[in-house]
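# Summary of the model geometry
So the chains spell out like this:
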Amino acid sequence: MSLNLKSLVSVLNAKWIGSNADVLIDHISIDSRSLQNGSQTLFFALAGVNNDAHLFIPDLIENGVQNFVVQYIPEGFAERANFLVVENTLFALQEFAAYYRNLFHFPVIGVTGSNGKTIVKEWLNFLLSPDYNIIRSPKSYNSQVGVPLSVIAINEKHNLGIFEAGISTVNEMAKLEKIIKPNIGVLTNIGSAHDEGFLNLVQKIDEKLLLFKDCPIIIYQKNEVVDSCLSQFAAEYMHHPRKLFSWSFQDKTADVFIEKREHKSDHTFIQYQYKNQVFNLEIPFNDSASVENAISCLLVLLNFNYDQETIQNRIEKLYPVRMRLEVKNGINNCSIIDDSYSSDFQSLKIALDFLESQKKKGASKTVILSDIFQSGFTNEELYSKVAQLISDNKINRVIGIGPTISSFEAKFPNSTMFENTADFIAEIDNLNFNNETILIKGARSFQFEEIVSLLEEKTHETVLEINLDAITHNFNYYKSKLAPNVKMMVMVKAFGYGNGGLEIAKLLEHHKVDYLGVAFADEGIALKNGGIKLPIMVLNPESTSFPSIIQYQLEPEIYSLKGLNAFLKIAREKNLKDYPIHIKMDTGMHRLGFENNTIDELIATLKGNSTVRVQTILSHLATSDEPKHFDFVRKQIALFEKLSSKLMAELNINPIRHILNTSGISNFSDAQYSMVRLGIGLYGVSNDPLEQKYLENVGTLKSIISQVRTIPAGDSVGYGRRFMAEKETKIATIPIGYADGIARLWGNEVGFVTIKNQKAKIVGSVCMDMLMVNVTDIDCKEGDSVIIFGESPTVIEMAVALKTIPYEIMTSISQRVKRVFFR
Ligand SMILES: *Cc1c(COP(=O)(O)O)cnc(C)c1O
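Residues numbered from 1 in each chain as written. Predicted model: local features only at pLDDT ≥ 70, side-chain atom pairs only at ≥ 80, totals over all residues. Heavy atoms only, no water.

- As annotated in an unreviewed UniProt entry, the protein chain is Alanine racemase from Flavobacterium humidisoli.
- Per UniProt, the comment on the protein chain under Cofactor (unreviewed entry) is "pyridoxal 5'-phosphate".
- UniProt's Sequence similarities (unreviewed entry) comment on the protein chain is quoted here verbatim: "Belongs to the alanine racemase family." (UniProt positions renumbered as here; feature names shortened; annotations may be inferred.)

### Things to note about the environment of D255
- Secondary-structure assignment places D255 in the loop between β13 (243-248) and β14 (256-263).
- For D255, a relative accessible area of 32% corresponds to the partly exposed category.
- In the structure, D255 is positioned 19 residues away from Y274 in sequence and 6.2 Å away in space, judged by C-alpha atoms.
- For D255, the side chain forms a polar contact with the main-chain nitrogen of S246, separated by 2.7 Å. (Helix = DSSP H or I, 4+ residues; strand = E, 2+ residues; numbered from the N terminus. Buried < 20%, exposed > 50% of the residue type's maximum accessible area, 1.4 Å probe, protein only. Polar contact = N/O pair within 3.5 Å; in protein donor to acceptor, adjacent residues only side chain to side chain.)

### Considerations on the UniProt feature "binding site: substrate" (unreviewed entry) in the protein chain
- On the UniProt side, "binding site: substrate" (unreviewed entry) is annotated at positions that read R591 and M768 here. A stretch of 178 residues holds the annotated residues, and the largest C-alpha distance among them is 33.7 Å, long enough that they do not meet in one place.
- Along the chain, R591 falls in the loop between β28 (579-585) and α22 (599-606).
- Other than its neighbours up to four places away in sequence, R591 contacts D586 and H620. (Contact = heavy atoms within 4.5 Å.)

### Focus on the packing of aromatic side chains
- All chains considered together, the criterion is met by 26 aromatic pairs.
- Here the aromatic rings of Y383 and F408 are separated by 5.1 Å at their centres, their planes lie at 20°, and the arrangement is stacked. One end of the pair, Y383, is in helix α12 (residues 379-392); the other, F408, is in the loop between α13 (403-407) and β21 (415-418), and 25 residues separate them in sequence.
- Given the relative accessible area of 14%, F408 is considered buried.
- Three or more aromatic residues link up through ring pairs in this structure, and these residues are F44, F96, Y100, F104 and F106.
- Seen from the ring of F433, R397 lies directly overhead, with NZ or CZ sitting 4.6 Å from the centre.
- The ring centre of F752 lies 4.6 Å from the NZ or CZ of K759, which sits over that ring. (Phe/Tyr/Trp six-rings, centres within 6.5 Å; stacked < 30°, edge-to-face > 60°. Lys NZ or Arg CZ within 6 Å of the ring centre and 35° of its normal.)

### Quick word on the sheet that holds strand β11 (residues 184-187)
- One open sheet holds the nine strands; their spatial order is β9-β10-β8-β11-β12-β13-β14-β15-β16, and the pairing between them is mixed. Strand pairing shows two members of the sheet lacking a second neighbour, β9 (134-136) and β16 (277-283), which therefore form its edges. Each adjacent strand pair in this sheet contributes to an overall mean axis angle of 20°, direction not counted.
- Where helix α4 (residues 117-128) meets the sheet, it contacts β8 (108-112), β9, β10 (160-164) and β11, and its direction lies at approximately 165° from that of β10. (Pairing = 2+ DSSP bridges. Axes fitted to C-alpha atoms, helices over the stretch in contact; angles between N-to-C directions.)

### As for the packing of α4 against helix α9 (residues 288-303)
- Where α4 contacts α9, the two axes come as close as 10 Å, and the packing angle between them is 45°. Between α4 and α9, the crossing angle belongs to the class labelled oblique. Viewed along their axes, α4 and α9 form a crossing whose handedness is right-handed. Every residue of α9 that contacts α4 at I119, V120, W123, L124, L127 and L128 is listed here: S290, N293, A294, S296, C297, V300 and L301.
- Looking at the contact of α4 with α9 residue by residue, the class counts come to ten nonpolar, three polar and no charged. (Parallel < 35°, antiparallel > 145°, perpendicular 65-115°, else oblique. Left-handed = near helix turned anticlockwise from the far one by under 90°. Nonpolar A, V, L, I, M, F, W, Y, C, P; charged D, E, K, R; others polar.)

### Describing the UniProt feature "active site" (unreviewed entry) in the protein chain
- Annotation from UniProt places "active site" (unreviewed entry) at K493 and Y719. In three dimensions, the annotated residues from a span of 227 residues occupy distinct locations, with a maximal C-alpha spread of 35.9 Å.
- Tracing the backbone through its elements, the reader meets K493 in helix α17 (residues 493-497).
- The residues touching K493, leaving out its near neighbours within four places in the chain, are G517, V518, A519, E523 and L539.
- Inspection of the secondary structure assignment puts Y719 in the loop between β34 (716-717) and β35 (723-724).
- Not counting residues up to four positions away in its chain, the partners in contact with Y719 are S765 and C767.

### Thoughts on the nonpolar core
- V490, L516, I583, I755 and V773 are the most contacted members of the largest nonpolar core, which has 110 residues in total.
- Sort the elements by how many residues they give to this core and helix α23 (residues 630-651) lands first, with seven residues.
- Residue assignment places this core across two domains, with domain 4 (467-692) and domain 5 (699-822) each supplying three or more.
- Counting 52 residues, the second-largest nonpolar core is a separate cluster that includes I135, V151, I180 and F212. (Core = buried A, V, L, I, M, F, W, Y, C linked by side-chain atoms within 4.5 Å. Domains from an automatic or database assignment.)

### Overview of the domain arrangement of the protein chain
- One can read the domain layout of the protein chain as domain 1 (3-92), domain 2 (104-315), domain 3 (327-345 + 362-455), domain 4 (467-692) and domain 5 (699-822).
- If you average the C-alpha positions of domain 1 and of domain 4, the two centres end up 36 Å apart.
- The interface is formed by seven residues belonging to domain 1 together with seven residues belonging to domain 4.
- Between D59 and K512 there is a salt bridge, with its nearest N and O atoms 3.7 Å apart.
- Linking domain 1 to domain 4 there are one residue pair in polar contact (both at pLDDT 80 or more).
- Residue composition of the side of domain 1 that touches domain 4, by class: two nonpolar, three polar and two charged. (Salt bridge = Lys/Arg side-chain N within 4 Å of Asp/Glu carboxyl O.)

### Remarks on the site of the ligand
- For the ligand, the full set of nearby residues is M491, K493, Y497, L539, R591, H620, N661, T662, R677, G679, I680 and Y807.
- The side chain of N661 places a nitrogen or oxygen atom 3.3 Å from an oxygen atom of the ligand.
- Against a free-state accessible area of 380 Å², the protein chains account for coverage of 95% of the ligand.
- In terms of residue class, the shell around the ligand is built from five nonpolar, four polar and three charged. (Near = heavy atom within 4 Å. Areas by Shrake-Rupley, 256 points an atom, 1.4 Å probe, with all protein chains shown as cover.)

### Overview of the state of the cysteines
- A full pass over the atoms with the stated rule returns zero disulfides.
- Considering cysteine sulfurs only, C215 is the nearest to C229, which forms no disulfide, with 17 Å between them. (Disulfide = S-S within 2.5 Å.)

### Topic: the pattern of salt bridges
- For the structure shown, the criterion picks out 34 salt bridges.
- We note a salt bridge from E122 to R136, for which the minimum N-O separation is 3.0 Å. Residue E122 is found in helix α4, and its partner R136 is found in strand β9; the two are separated by 14 residues along the sequence. Residues E122 and R136 agree in their burial class; the two are buried.
- Residues joined by salt bridges that share partners form a network here, namely K121, E122, R136, E164 and D344.

### Overview of α12
- For α12, with 14 residues, the first-to-last C-alpha span of 20 Å sits near the 20 Å given by 1.5 Å per residue.
- Listing the buried residues of α12 in full gives L382, Y383, V386, A387, L389 and I390. In an axial view of α12, the angular spread of the buried residues amounts to 160°, which keeps them on one side of the axis.
- Where α12 is buried, its residues contact α11 (345-358), β19 (364-370), β20 (397-401) and α13.
- Phi for K394, located one or two positions after α12, is positive at around 50°. (Expected span 1.5 Å × (residues − 1). Arc of directions from axis to C-beta.)

### Considering the environment of N303
- Relative to the helices and strands, N303 resides in helix α9.
- When the C-alpha atoms of N303 and I219 are compared, they prove to be 9.1 Å apart, with 84 residues separating the residues in sequence.
- Leave out the neighbours within four places in its chain, and N303 touches I184, I217, I219, K243 and F245.

Structure (structure tokens):
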């Protein structure tokens, strides 16, 4: 990309405020953390309800970024950079992408549907890449932001595009259509996913079809509803000639009629009629979703006039698609970012940004990279670009694997090159991986999964997966409920409610929360040692921890005169001035805090005191989630108002005040004061079923099946023979038990796990490290994945059945269960 900044002013219909319009733009960014941002970057400051990238502009200018598309210019910065001021930066990004797309004139495949978009896109890329230089959406970039970012990555070497478009409600597709402008449309399975945003199925299909408004060909699975939508559509959007190219399992009038389908152990054979001929095809999957996706791909290949032999040769090599970058714990204090199934230039850029965001404090950055295929560039050009990217991203060491990348060793300082994966593996012990964050990225043929498994720390198979994007979503949801300028403290006590303290704190730091809250000093020290710079309040500091609180610059909550005096004593010995403390009032919870009758003495002690400074005054609500006790909440708030006002007046101070927890934010918006304390809601749980719908699930506890057996009627399962089989029953054993935090009360057919999207009841008693489930009606085997909680069952369901609260379930998951974070 090389575009004149001046020309973009009119493209974006922007107001120009800057000094130098003669800049050539070679990079577009919306990510303030990316090390790829530079003087030729155009940064679009997206402004989500509360996640406002304008806040990062001063930092970006400091780091050399000069060109911004903004909704407003941060005060005092008008002279310091070039600004294109627009009404809405997201719309501007979309307009820019549409403009950019129109500079290119090669075929573009647009993929939409409810399920299978990413898989079909990735497979088409694989099937067509021997013959084309393809630009495709990275990962599942199919949203209002993801689509423009995908299209902006097109360059002059590409000669085929494959982009996916995903929508969640009406009026979204029209925008994506302008950006993708497909000439070949593929409609994947239409299913019932994401139905909330639409009135009904017809509306959903109609909206999706808008992607194909000007498409001369549409590929789809024939069925009555889609057909009737299509004929309506054809009448509305006249495009001639438009070809409908359909397939079906039932309807012989489809262009491709699948007359036979036979599932073998891990394959499916299909026989289909096309142009009055019969063909056979072997698909290397046996589940129906994969078969449908493969058939969508088949139609694209037929449309490109591939012969049967080529089609069979390529389709039989289709592989399971992984959609996300996974972070894993590695050996010797390393962490691993596993992207072992793809290697193209565009996804390398994304992975490097991800590496930067995941880097552990004090760890160095390593990239293990295979040869890159089908870039369209000459190798000389390609590896020069890769080397530049590696240097921009300040990678400490590079390990190249493959004959081509090896031949460019000279371009990569601090690199070690290997001809192939086996050579690397033979040397792995001598490479001394230690305290590094390692991105492992390679084309499939290099089988980098072997490298991942060698470098990964080994533990048992149970993991708690934490969705960092869901945390961001939930954070933004609660932020949107706050009045402007109300600050946010997030409670990350008890390892972030069991979800992993440091990683979540890092994410929150990026989102610029104002404060973190922990229960004990140790938790705060771990966060500071992990590199967290945010101020951290310690709810329950013991006097013995005061010296380390001060050493680590943690901020104690002070809830008694005894504690205050003890802290003052130590603080004076250390000659501290204005050390921030937080004064807790007891307004009715009766847990910790100053009561009404101690306020005078508190005031007397603090008056004229310059050793400490009252940073905030807080109290905690006992019943913010229970409507029948809302009167009590009102009383607490009124007492808080009274006590805190008195303190402020007598001491003549104006500290931050805060009283609301998650349910308080939802139910008492008039008591936000100048800060709130978000807890459980961030982790995806609301105490209000209505609000729950707006939150995303954060933690998924997963395990695998250790063994499957069938027992005859009359046999029993587990300790105490508490399950008796009434008929022949298939039992699966799962390596997770009460020592991992699964309550025994959840056993004996009270609870269930999910296997292959089906419920399997827990039979017999939960053991210390294992439990058994009934899988009689589920087609499953040893090694299959099991969901203990997450989307189903939810921790809320479990809490109801176990007569407890989600908090207890989440924080009970033992620390021996490995936490894995992903986006
Ligand atoms: C845990 C805690 C919170 C957060 O409560 P949630 O109900 O999880 O939002 C807020 N304030 C204090 C003092 C807490 O201990």
